[in-house]
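Structural characterization, general
Below are the chains, spelled out letter by letter.
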Amino acid sequence: MRKPLSKIYNRFIGTVFRTGIRDHQVGFKVMSRWVAEEVLLSRVLDDGYAYDTELIVRSLEVGAKILTVGIPWDEKRTYSTISPATLITDMLRGITRIW
């Protein structure tokens, strides 16, 4: 269930916010001090599932360049500990705040 939801979410975010990014919920980020101070500490409000997305959208709004680097990922778990309903609700709340 996680993979289809992730694909839908990423396509939706990419279309609505025109980010040009394929995956808006990556786990590792490197940024300049300027982006950390200007965006992360002052503009990113979400502390939930939409945190990564908001960081990307807000960074693009101030003209920061984003470089994505693909890494091999092998999902070991075949189950999720989060209910789809909870995940979708939290994501929609986060997207609404970003908008």
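Conventions adopted
- Numbering of residues starts from 1 in every chain and runs along the sequence as written.
- Local features in this predicted model are restricted to residues whose pLDDT is 70 or higher, and side-chain atom pairs enter the listing and the counts only when it is 80 or higher, whereas totals over whole chains, interfaces and linings include all residues.
- Hydrogen atoms and water are omitted, and side-chain values are computed over all heavy atoms in the structure.
- The numbering of helices and of strands both runs from the N terminus, where a helix is a DSSP run of H or I of at least 4 residues and a strand a run of E of at least 2.
- Residues count as neighbours in contact if any of their non-hydrogen atoms are within 4.5 Å of one another.
- Under this definition, polar contacts are N or O atom pairs within 3.5 Å; protein pairs additionally need one hydrogen-donor-capable and one acceptor-capable atom, and for neighbouring residues in sequence, both atoms have to be side-chain atoms.
- Buried Ala, Val, Leu, Ile, Met, Phe, Trp, Tyr and Cys residues form a nonpolar core when they are joined through side-chain atoms within 4.5 Å.
- Burial status follows relative accessibility: with a 1.4 Å probe on protein chains alone, a residue under 20% of its type maximum counts as buried, one over 50% as exposed, and anything between as partly exposed.
- In what follows, salt bridge is the name for a side-chain nitrogen of Lys or Arg lying within 4 Å of a carboxyl oxygen of Asp or Glu.
- The predictor rates its confidence in each residue with pLDDT, a number between 0 and 100.

1. Observations concerning the environment of His24
One can find His24 in the loop between helix H1 (2–17) and helix H2 (33–40). Once the C-alpha coordinates of His24 and Leu60 are considered, the two residues, 36 residues apart in sequence, prove to be 13 Å apart. Sequence-distant contacts of His24, that is, excluding residues within four places in its chain, are made with Tyr9, Asn10, Ile13, Gly14, Thr19, Asp52, Thr53 and Ile56. Reaching out from His24, the side chain makes a polar contact with the side chain of Thr19 at a distance of 2.7 Å.

2. Overview of the nonpolar core
Counting eight residues, the largest nonpolar core is built from Tyr9, Ile13, Ala50, Val57, Leu87, Met91, Ile95 and Ile98. Elements with a contribution of two residues or more to this core: H1 and helix H4 (84–98). Take this core: its biggest share by element is four residues, from H4. Excluding anything up to four places from it in sequence, Ile98 contacts Phe17, Ala50, Thr53, Glu54, Val57 and Arg58. Val39, Val44, Leu55 and Ala64 belong to the second-largest nonpolar core, a separate cluster that totals five residues.

3. Structural notes on the pattern of salt bridges
Under the defined criterion, the tally for this structure stands at seven salt bridges. Across the salt bridge formed by Glu37 and Arg33, the nearest N and O atoms sit 2.9 Å from each other. Placement of both Glu37 and Arg33 in helix H2 is noted, with a separation of four residues, approximately one turn of the helix. Under the relative-accessibility criterion, Arg33 is labelled exposed at 66%. For Arg58, the salt bridge identified is with Glu61, shortest N-O distance 3.1 Å. Taken together, the residues Arg58 and Glu61, both in helix H3 (residues 51–61) and three residues apart, mark about one turn of the helix. Note on Arg58: relative accessible area 13%, which makes it buried. Each member of the salt-bridge network shares a partner with another, and the members are Glu54, Arg58 and Glu61.

4. Here's the deal with unusual backbone geometry
A positive phi angle, close to 50°, is found at Arg18, a residue other than glycine. Its place among the elements puts Arg18 in the loop between H1 and H2. Given a relative accessible area of 73%, Arg18 falls into the exposed group.

5. Things to note about the confidence of the model for the protein
Per-residue confidence for the protein gives a mean pLDDT of 84, with 94% of residues at or over 70. Averaged pLDDT values over the elements of the protein bottom out at 82 in H4 and peak at 92 in H3.

6. Things to note about the environment of Met31
Structurally, Met31 is set in the loop between H1 and H2. Here Met31 falls in the partly exposed class, since its relative accessible area comes to 29%. Met31 sits 34 residues away from Lys65 along the chain, and the two C-alpha atoms are 9.7 Å apart.

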